[in-house]
Amino acid sequence: MLRLYNTLSRKKEAFKPLHGKKVGIYTCGPTVYDFIHIGNLKSFLAEDVLKRYLLYKGFKVKHVRNITDVDDKTIRDSKKEGISLQEFTERYTKAFFEDIEKVRILPADIYPKATEHIKEMVSLIKKLLQKGYAYKAEDGSIYFKIEKFKKYGKLAHIDFRQLKAGARVKQDEYEKGQAQDFALWKVWSSEDGNVFWETELGKGRPGWHIECSAMSSKYLGKTFDIHSGGIDLIFPHHENEIAQSEAATGKKFVRYWVHNAFLMVNGEKMSKSLGNFYTLRDLKDYNPIDIRFLMINGHYRQPLNFTFEALRAAQNSIERLNELIAKLKEAKGKDRGKIKKPVAAAKKKFESAMDDDLNTPLAFAALFEFVRESNSLLDKNSIGKKDAASALQFLKKVDSIFAVMDFEQKAEISKEDLHLVKERERLRNEKHFAEADEIRKKLAEKGILLDDTEKGTKWKVQK
Ligand SMILES: [Zn+2]
């Protein structure tokens, strides 16, 4: 049985959906004010692994991922550029979809946009007003009264003695120490330019937190199974989502809160000022699948240190997997069923690792142990067509979660030449263009032509 670490209880809990085999998941973001950076990507990939493993276990998953296309940041930056909020956010929404496809993230079932759910937010805020959990301030903005919601702070473990009753915070993002009544509806101010809605609540726009409460319950119900995001969202965003939703419905909002740890770059926090800030687009010379491998190879609750060395190691690991696939496809030994035991053992280890709060490092270890054992059987010519088929079937099953292998590759070129292709790709990524060109020429003489694509270097044999 799958166990997940629930931020709410700070414990691993057995995962049991509310409705049989059906699972509802809500994942936050992106906020479409920039290209997604690799820190965002780590979070989205962890969520992809969770979702894929639920599918592997036979659950029926309904996945909702919202697009935050109105908040403080999107308004600020669209104004800076002097274009409309819509034009601005559409650019980054489109880029988001392109980026997640490159790293093989399964699309969500529904992508609600905040700007298309203002009606739902207004009715939720009205309900909070009616129940006395919200109030209108002098300027006409509406705030959530945290004092009234007794469970406030249960997710982020806030010390209530520090709270200032009646103090307010209007901006979307703030620190835990500044927990205060937060804005549900922000009355229009000149800073918002032409971003506003005329509603029963007045002329204004929603706060960021109410967006997710309104959109999640619309598509998943008042109570649903899993809500996930980066740990930076625990406070204030998720804490406020709980307050808004549970105050309005009187029901438990989310059953399992799953949070992903930070990404570091070269041992430091990623930031533009340190010059170690990367979007996926900045890394266009690297294979996105290598990046996927690197990100999911660590445990989702552990901070991950991104280095280019680790990225090269990821590339080598994928190469080992793909080489095994190529060799299995050509296996010509006698079928003696010798692969059965390693397959069964690897499957068991893999599943028990994944069942234990998605322990991908252990699951990968089981996979590579299987690679070693298979290679040794292949070296002894002890794998036949049937054996190879069952090994490939197992790899495909594993790859339904990891999604890093290539089963379509044609083994038309020798292992040595394939190695040269990879070696040249590496040199090229490291900007050793002269050496990379030497290899290209050498391969071209043998009739092997290369094509450098966004998904890495492809080769074909000239007939
Ligand atoms: Zn959210």
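Please refer to the structure higher up on the page.
In what follows, the accompanying structure is described. (Residues numbered from 1 in each chain as written. Predicted model: local features only at pLDDT ≥ 70, side-chain atom pairs only at ≥ 80, totals over all residues. Heavy atoms only, no water.)

Relative to the helices and strands, His63 is located in strand 4 (residues 60-65). Taking the relative accessible area as the measure of exposure, His63 reaches 6% and is therefore buried. At a separation of 2.7 Å, a polar atom in the side chain of His63 contacts the side chain of Thr27. Apart from residues no more than four positions distant in its own chain, His63 is found in contact with Ile25, Thr27, Lys51, Ala108, Asp109 and Ile110. (Helix = DSSP H or I, 4+ residues; strand = E, 2+ residues; numbered from the N terminus. Buried < 20%, exposed > 50% of the residue type's maximum accessible area, 1.4 Å probe, protein only. Polar contact = N/O pair within 3.5 Å; in protein donor to acceptor, adjacent residues only side chain to side chain. Contact = heavy atoms within 4.5 Å.)

Another point: the packing of aromatic side chains. Counted under the stated rule, the structure contains 28 aromatic pairs. For the pair Phe97 and Tyr111, a centre-to-centre distance of 4.7 Å together with 90° between the ring planes defines the contact as edge-to-face. With Phe97 in helix 3 (residues 85-102) and Tyr111 in the loop between helix 3 and helix 4 (118-130), this pair connects stretches of sequence that are 14 residues apart. Through successive ring pairs, a cluster of aromatic residues spans Tyr53, Tyr56, Phe293, Phe350, Phe364, Phe368 and Phe402. Here the basic side chain of Lys148 rests over the ring of Tyr133, its NZ or CZ set 5.2 Å away from the ring centre. Arg301 extends its terminal NZ or CZ atom over the ring of Tyr5, reaching a point 4.0 Å from the ring centre. (Phe/Tyr/Trp six-rings, centres within 6.5 Å; stacked < 30°, edge-to-face > 60°. Lys NZ or Arg CZ within 6 Å of the ring centre and 35° of its normal.)

Right, let's talk about the side chain of Asp387 for a bit. Counting through the fold element by element, Asp387 comes out in helix 11 (residues 385-402). Nearest to the buried, unbridged Asp387 among oppositely charged side chains is Lys340, at 6.9 Å. Excluding residues within four positions of it along the chain, Asp387 makes contact with Lys334, Asp335, Arg336, Gly337, Lys338, Ile339 and Ser382. (Lys, Arg positive; Asp, Glu negative; His and termini not counted. Salt bridge = Lys/Arg side-chain N within 4 Å of Asp/Glu carboxyl O.)

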